[in-house]
Amino acid sequence: MAAPLLDANDPALESWVESANAASSDFPIQNLPFGRFRRQDDSAWCIGVAIGDQVLDLRRAGLVENHDINRLIRLKPETRQALRQAISEGLRTGSAQREKFEAALVPQSVVMLGVPCDIHDYTDFYVGIHHATAIGKQFRPDNPLLPNYKWVPIGYHGRASTIVASGTGFHRPLGQTKAPDAQEPAVNPSARLDLELELGIIIGRPNAQGVPISIAQAEEHVFGITLFNDWSARDIQAWEYQPLGPFLSKSFASTISPWMVTLDALEPFRKSWSRPEGDPRPLPYLDSKANSDRGAIDIQLEVWLQTPRMAAAGHAGDVISRSNFAEAAYWTVAQLVAHHTLNGCALQSGDLFGSGTLSGPRPEQAGSLTELTLGGKQQIALSNGELRTFLQDGDSIILKGFCERPGFRRIGFGECRGTVLPVYRGT
Ligand code: CA
């Protein structure tokens, strides 16, 4: 069952911001993602909406009273929908508000884009069933998926303080590792540094502690979706993860893209959600007709790798993987919210859920290097002749995402870029 088309999603709309009308733009007037920007290092963060190659400063346009984006994302769904409608009307070709809005535009090329809101808690899920199966096979060839996987959305609590903005570098982590033939562990720079292709789900509306969020209400609590790279040190992870899961192998850095694409903008790209024949039906608190009818979201994803040699040659990098959220995910966004709060856990405005690595069903669609290289056993050949298993110093990973459907305007997520710096050696 298709939801009625929101006026702001009408594919016929065009903007007086010319760059937004290009078919290849991630940010046509049908998208209007929210984020934070500043004009200089020391100035305050402002709330912005991406339109073409520009940012609309919402306060200057008279659409918000202050720069508190965490307050904005907790608005009721109908209020935030009205705000999106007002932005859309002001940016439309022929708008009487053009002059006022034009004075509130700033080119994206001259501003710094940040982490899109203050992130409080960060939970990383594990919804990518093809990833879970491939990783499980590396540890347990005969029994890759553990028995709980198809019943409970698996997750762990991550570290919010080291989530960094796109465009930021981070140091290769040191960690305790133990080679299989070594007697004892030692502290070394990670030699198996990896990426994880994920989406970030930003919680807008909180719930009171003790009060679960039903699957029917779950999406009212979600503000939007970003790209998310959960950098992972596989050698540290392999030694530390049992029995409580990853710790220092993940908490050194994760990179988030600057724009939160709202569920309203993603509405035309919803899909039915189902499971393979023979898989268990979700327990009732994770099941609903609406979730089956439209729980999935068709988001195409790409992983790009740019080596230092490519960067020096002005080469944008190679696409090393392509995947799709709807194909990769075993659980929906609504199911993650309902499960997270089943025990009464309080979500806050600005909490982040990582989806888990979104590997597609085929090996070349893997969202991590450990899958693409079979645990480091098989090198990837890049277009300039370089080889990689895991990431080397100076390598950049760029995640991209976009939605396309005949009869609708393509919308994109921008990019999520991070660069590996050498291990920290002091100043
Ligand atoms: Ca992860």
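Model, not experiment: these values are computed from the prediction. Per chain, residue numbering runs from 1 following the sequence as it is written. Local features in this predicted model are restricted to residues of pLDDT 70 or higher, and side-chain atom pairs are both shown and tallied only at a pLDDT of 80 or more, whereas totals for entire chains, interfaces and linings draw on every residue. Computation of side-chain values: all heavy atoms of the structure, hydrogens and water removed.

**Observations concerning the overall build of the protein chain**
When helices and strands are counted, the protein chain shows 11 helices and 26 strands. Radius of gyration (C-alpha) of the protein chain: 21 Å, near the 22 Å computed for a compact globule of 427 residues. Overall, the C-alpha framework of the protein chain stretches about 75 × 55 × 40 Å when taken along its three principal axes. Within the span of the protein chain, comprising 427 residues, buried residues form 55% of the whole. In the protein chain, once contacts between residues fewer than 6 apart in sequence are set aside, the share between residues at least 24 apart is 73%. Accessible surface is estimated by sampling points in the Shrake-Rupley manner with a 1.4 Å probe; for residues, cover comes only from the protein chains shown. In the form shown here, the protein chain has an accessible surface area of approximately 18700 Å², with 53% of it arising from carbon and sulfur atoms. Positive and negative charge centroids in the protein chain, built from 40 and 47 side chains respectively, lie 1 Å apart. Each helix is a run of DSSP H or I of at least 4 residues and each strand a run of E of at least 2, with the numbering of both proceeding from the N terminus. Values of the radius of gyration come from C-alpha atoms, whereas the globule rule sets the reference at 2.2 Å times the count of residues to the power 0.38. When a residue's accessible area, from a 1.4 Å probe over protein chains only, is under 20% of the maximum for its type it is buried; when over 50% it is exposed; and in between it is partly exposed. Note on definitions: a residue-residue contact is assigned when non-hydrogen atoms from the two residues lie within 4.5 Å. Under the convention used here, Asp and Glu are negative, Lys and Arg are positive, and both His and the chain ends fall outside the count. Charge positions come from single atoms, namely NZ of Lys, CZ of Arg, CG of Asp or CD of Glu.

**Notes on helix 10 (residues 333-340)**
At 3.6 residues per turn, the α-helix brings residues three or four places apart onto the same side. The buried fraction of helix 10 amounts to eight of the eight residues, a majority that puts the element mostly inside the structure. Every buried residue of helix 10 is accounted for by V333, A334, Q335, L336, V337, A338, H339 and H340.

**Remarks on the coordination of the calcium ion**
Any nitrogen, oxygen or sulfur atom within 2.8 Å of a metal ion counts as a donor, with the limit raised to 3.2 Å for Na, K and Ca, and since water is left out, coordination shells can look unfinished. With distances of 2.2 to 2.3 Å, the protein atoms coordinating the calcium ion are D124 (OD), E196 (OE), E198 (OE) and D230 (OD). Sequence positions of the donors to the calcium ion reduce to the motif D-x71-E-x1-E-x31-D. A residue pair is termed long-range when its members are at least 10 positions apart, and E196 in the loop between strand 12 (193-194) and strand 13 (197-203) and D230 in the loop between strand 14 (222-229) and strand 15 (232-233) qualify at 34 residues. Judged by relative accessible area, E196 falls into the buried class, the value being 4%. On the basis of relative accessible area, D230 is assigned to the buried category, the value being 0%.

**Quick notes on the environment of G90**
Locating G90 in the fold gives a position in helix 2 (residues 77-91). Classification of G90 as buried rests on a relative accessible area of 0%. Aside from chain neighbours lying at most four places away, what touches G90 is W16, S95, Q97, R98 and F101.

**Describing the sheet that holds strand 21 (residues 318-324)**
Two strands qualify as a pair provided DSSP detects at least 2 bridges between them. Pairing is mixed across the open sheet formed by five strands, whose spatial order is 9-26-25-20-21. Looking at strand neighbours, the two that pair on one side only are strand 9 (168-171) and strand 21, the edges of this open sheet. Between one strand axis and the next, the sheet turns through 20 degrees on average, direction left out of account. Lines fitted to C-alpha atoms define the axes, with helix axes restricted to the stretch in contact, and inter-axis angles between N-to-C directions lie between 0 and 180 degrees.

**Some details on helix 4 (residues 129-139)**
Every buried residue of helix 4 is accounted for by I129, H131, A132, I135 and G136. Each buried residue of helix 4 sits inside an arc of 155 degrees when the element is viewed along its axis, so together they form one side. In the core, the buried residues of helix 4 are packed alongside helix 9 (325-328) and helix 11 (369-372). By definition, the arc is the one covered by directions from the helix axis to the C-beta atoms.

**Regarding the sheet that holds strand 4 (residues 105-107)**
Spatially, 4-3-2-1-5 is the arrangement adopted by the five strands of the open sheet, whose pairing is antiparallel. With partners counted over all chains shown, the strands left at the sheet margins are strand 4 and strand 5 (112-113), one partner each. Judged from the four bridges that link them, strand 2 (residues 46-51) and strand 3 (residues 54-57) form a sheet pairing that is antiparallel. Pairing of V49 across the sheet is with L56, part of strand 3.

**A word on the layout of surface pockets**
We place a 1 Å grid over just the protein atoms. Points where a 1.4 Å probe fits but has no way out form a cavity, open points with protein on both sides within 12 Å along at least 5 of 7 lines form a pocket, and any residue with an atom within 4 Å of a point lines it. Grid points are joined across faces, edges and corners, and a volume is the space filled by probe spheres set on the points. Within this model, the largest pocket holds a volume of roughly 1100 Å³. Contributing to the lining of the largest pocket are 42 residues, with Y126, I135, F139, Q237 and Y241 lying nearest its centre. Elements with a minimum of two residues in the lining of the largest pocket: strand 6 (122-125), helix 4, strand 7 (155-157) and helix 5 (234-240). Looking at the lining of the largest pocket element by element, the count peaks at six residues for helix 4. When residues are sorted by character, Ala, Val, Leu, Ile, Met, Phe, Trp, Tyr, Cys and Pro go into the nonpolar class, Asp, Glu, Lys and Arg into the charged class, and all the rest, Gly among them, into the polar class. Partitioning the lining of the largest pocket into residue classes produces 19 nonpolar, 12 polar and 11 charged.

**Notes on the pattern of salt bridges**
Each reported salt bridge corresponds to a side-chain nitrogen of Lys or Arg within 4 Å of a carboxyl oxygen of Asp or Glu. Summed over the entire model, instances satisfying the criterion amount to 23 salt bridges. A salt bridge links E267 to R294, with the nearest nitrogen and oxygen atoms 2.7 Å apart. Taken together, the positions of E267 in the loop between helix 6 (263-266) and strand 18 (270-271) and R294 in helix 7 (residues 289-294) put the pair 27 residues apart, joining distant regions of the chain. The same class applies to E267 as to R294, namely buried. Between E364 and R362 there is a salt bridge, with its nearest N and O atoms 2.9 Å apart. One connected set of salt bridges, linked through shared partners, spans D194, E196, D230, R234 and K250.

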